[in-house]
Amino acid sequence: MQKIPAHWTIQRSTPFFTRDNVPEALLKHHNTAKGVFGQICVMAGTLTYYGFPDENNHEPEQVLIVNAGEFITSAPQYWHRVELSDDAQFNINFWSDPDGRKGRLLNTASSSENRADSET
């Protein structure tokens, strides 16, 4: 996993998500935008993170289990999706260079789903 550069800051944080309110886009093939790291912080339960080599490949190259009290980072433009345990609770911090980042934080595989891009 790549490290978030030391001078980058959190540009936005999501509310806490559970199985009941997680945006559908996070459960599907998506990536963070260019110049944006996603930091997934699990507060309760378990989150499974599936990482993919590109937009068209749906066979994961990595599968990571993230337990309560742990976090992982998703590098800019890295394709991934998540699955949640029944009791999972998590949020996402979006990190970027404070001097150079404006606009969208994540991209979905389907342009018809891009409405979620501005919400997440």
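Residues numbered from 1 in each chain as written. Predicted model: local features only at pLDDT ≥ 70, side-chain atom pairs only at ≥ 80, totals over all residues. Heavy atoms only, no water.

Caption draft 1: Inspection of the overall build of the chain at higher detail. Helix and strand counts for the chain stand at two helices and nine strands. Along the chain, helices (α) and strands (β) appear in the sequence β-α-β-β-β-β-β-β-β-β-α when read from the amino end. Across the 120 residues of the chain, 42% fall into the buried class. For the chain, contacts bridging at least 24 residues in sequence account for 81% of all contacts bridging at least 6. By element, 47% of the accessible surface of the chain is carried by carbon and sulfur atoms, the whole surface being about 6,500 Å². (Helix = DSSP H or I, 4+ residues; strand = E, 2+ residues; numbered from the N terminus. Buried < 20%, exposed > 50% of the residue type's maximum accessible area, 1.4 Å probe, protein only. Contact = heavy atoms within 4.5 Å. Areas by Shrake-Rupley, 256 points an atom, 1.4 Å probe, with all protein chains shown as cover.)

Caption draft 2: Looking closely at empty space enclosed by the protein. According to the stated counting rule, one finds one cavity of 30 Å³ or more in the structure shown. For the largest cavity, the calculated volume is near 90 Å³. Along the walls of the largest cavity sit 12 residues, with L26, H30, I40, H80 and I92 positioned nearest its centre. For the lining of the largest cavity, the element with the most residues is strand 8 (residues 89-96), which contributes three residues. Taken together, the residues of the lining of the largest cavity break down into seven nonpolar, five polar and no charged. (1 Å grid on protein atoms, 1.4 Å probe; cavity = no way out; pocket = protein on both sides within 12 Å on 5 of 7 lines; lining within 4 Å. Points joined across faces, edges and corners; volume = space filled by probe spheres on them. Nonpolar A, V, L, I, M, F, W, Y, C, P; charged D, E, K, R; others polar.)

Caption draft 3: The sheet that holds strand 8, seen in detail. Spatial ordering of the open sheet is given by 1-8-3-6, a layout of four strands whose pairing is antiparallel. Since the sheet does not close on itself, it has two edges, and those belong to strand 1 (9-13) and strand 6 (71-74), each with one partner. Pairs of neighbouring strands in the sheet enclose a mean axial angle of 30°, with direction left out of account. Direction of pairing for strand 3 (residues 37-44) relative to strand 8: antiparallel, over a ladder of seven bridges. By the bridge assignment for strand 8, A44 is matched with Q89. (Pairing = 2+ DSSP bridges. Axes fitted to C-alpha atoms, helices over the stretch in contact; angles between N-to-C directions.)

Any link to function would need more than the numbers given here.
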